[in-house]
Amino acid sequence: MNSVDATEHYGTSAQGKSPLLSNISLYTRDPNHRLTHSPPEPAPSLLTVIFDTNPHAWALLENELPLSKAIANVLVFLNAHLACNYANEVAVVASHSQKATWLYPRENPSSSKDKDGDISMDKNGSDSKKNGTSAGQVNKYRPFRIVEEQVTRNLHDLMTSTSTADIKSTSATMMAGALTLALSHINRRSIAWSEAHGGDTSTAGDPNSGSSTTGNTTTDSSEGGLQSRILIISVSGASDSAHQYIPIMNGIFACQRLHIPIDVCKLRGDAVFLQQASDATRGAYMSLTSPQGLLQYLMMAFLPDQRSRRHLVLPSRVDVDFRAACFCHRKVVDVGFVCSICLSIFCEPPEGGACLTCGTQLEMGEYGNKPALIARKKAKKKKVRGANAPSGSATGTPTPTPTPGP
């Protein structure tokens, strides 16, 4: 076999490089060593789950769905969301009886604050080495293991730190605080994603930066941005959150403005404000008749993201309850009194006629007075003619008689 010089066989360029190698270099100039003509990757999705951990409500649901089984189903659902895209992110917030706290990612008190003064969130599970990892967890996918360890550990710490006095003091859940934490985390991650991928941080989370709402779907023309949504798994009733009406509605309006859908999975009872949240943000709402099938409901109804929902019919509620809570007693009312200045709602007229919110002196008019009854005039009865009566007038019209002539 004769030896052939490679440079003589392929030829050399003016710079002494092979033409074949120079052509290949046109496709490998990307610093990430990817083909420049490859299709863009789908935008990642951030799923923030607000898990209602109200001890009173879970005690009533113990026979149908224990809390431990519900957490196991939620963890499988989170793993499925992470498996859809390697860049997907999750966050879990616990709405407890006396506070709202993070289950994942957790606050890392050992780390210092960043330049904005925020506490850094630990997503790498740094405590797993200290606590030790069981042999069965070694072969598990690392993001799955980190989420599972932190959620279960932080939930256990939350339940053990809850005293009997805290349970007896209130039967409500801090849904407003959990919704605020979720919105803050979404805003922070959206800005961080825009900075990391060369986007405009001034339009991160701006509803006017290429987003539009049409019909029952939300269309985002910016496919490269972070897609965010909130899922609320609730077990508390409507009366338990009536005193949080104002902050909950403020959070709903913020999600509506930022085009962040709020999905609601109601395991027990029904919630007026959560119905309004799902309807206003065009999210999915399901009140489960069989809580034992929680995992099936989560996988089939709440797993698709915003892009997939454009081709699906979402489960929604037709008969949405739009009742509001009064500002005086925090009760859900059907009919109330509204201040003409600040639009505050009251179930009964305030004392002294002064608005409890803005202090405006309101005029009640003649409210409470009985209306004056006016006697109704009797209608005159018309004469009934017989069957053979002529169609004209019964008496006829008198005709003038001519004067006889001479």
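See the structure printed just above.
Rules used throughout
- Residues numbered from 1 in each chain as written.
- Predicted model: local features only at pLDDT ≥ 70, side-chain atom pairs only at ≥ 80, totals over all residues.
- Heavy atoms only, no water.
- Axes fitted to C-alpha atoms, helices over the stretch in contact; angles between N-to-C directions.
- Helix = DSSP H or I, 4+ residues; strand = E, 2+ residues; numbered from the N terminus.
- Parallel < 35°, antiparallel > 145°, perpendicular 65-115°, else oblique.
- Left-handed = near helix turned anticlockwise from the far one by under 90°.
- Contact = heavy atoms within 4.5 Å.
- Nonpolar A, V, L, I, M, F, W, Y, C, P; charged D, E, K, R; others polar.
- Salt bridge = Lys/Arg side-chain N within 4 Å of Asp/Glu carboxyl O.
- Buried < 20%, exposed > 50% of the residue type's maximum accessible area, 1.4 Å probe, protein only.
- Core = buried A, V, L, I, M, F, W, Y, C linked by side-chain atoms within 4.5 Å.

K.L.:
I'm lost on the packing of helix H8 (residues 175–196) against helix H9 (residues 245–258) in this one. Help?
P.N.:
When two helices pack together, their arrangement is given by the angle between the helix axes and by the axis-to-axis distance. Viewed as axis vectors pointing N to C, H8 and H9 meet at an angle of 25°, and their least axial separation amounts to 8 Å. As summarised for this structure, H8 and H9 are arranged roughly parallel, according to the angle between their axes. In this structure, H8 crosses over H9, and the sense of that crossing is left-handed. In this structure, H8 contributes Met 175, Ala 176, Leu 179 and Leu 183 to the contact, and H9 contributes Pro 247, Ile 248, Gly 251, Ile 252, Ala 254 and Cys 255. Among the residues forming the contact of H8 with H9, the class breakdown is 9 nonpolar, 1 polar and no charged.

K.L.:
In this structure, what is going on with the pattern of salt bridges? I would like to understand it.
P.N.:
Pairs can form between side chains of opposite charge once their charged atoms are near each other. The full count for this structure, using the stated rule, is 7 salt bridges. Put simply, Glu 149 and Arg 145 hold a salt bridge, and the shortest N to O gap is 3.4 Å. With Glu 149 and Arg 145 both in helix H6 (residues 142–161) and 4 residues apart, this pair spans about one turn of that helix. With relative accessibility at 17%, the residue Glu 149 sits in the buried group. Of the charged contacts, one joins Arg 229 and Asp 263 as a salt bridge, the two residues approaching to 3.9 Å between their closest N and O atoms. Taken as a pair, Arg 229 in strand S8 (residues 227–234) and Asp 263 in strand S9 (residues 262–266) lie far apart in primary sequence, 34 residues in all. Among the residues examined, Asp 263 registers a relative accessible area of 0% and is labelled buried. A single network of salt bridges, built from pairs that share partners, joins Arg 229, Asp 263 and Arg 309.

K.L.:
It is not clear to me how the nonpolar core should be interpreted in this structure. Could you clarify?
P.N.:
Note on soluble globular proteins: their nonpolar side chains tend to be buried together. With 40 residues, the main nonpolar core has Leu 78 and Leu 267 as its most contacted residues. Among the elements of the structure, strand S1 (45–52), helix H3 (55–60), helix H4 (67–84), strand S2 (89–95), strand S3 (100–104), H6, S8 and helix H11 (294–301) are those that each provide at least two residues to this core. Leaving out residues up to four positions away in the same chain, Leu 267 has contacts with Trp 58, Leu 61, Leu 65, Ile 233, Ser 234, Val 235, Leu 288, Pro 291 and Leu 294.

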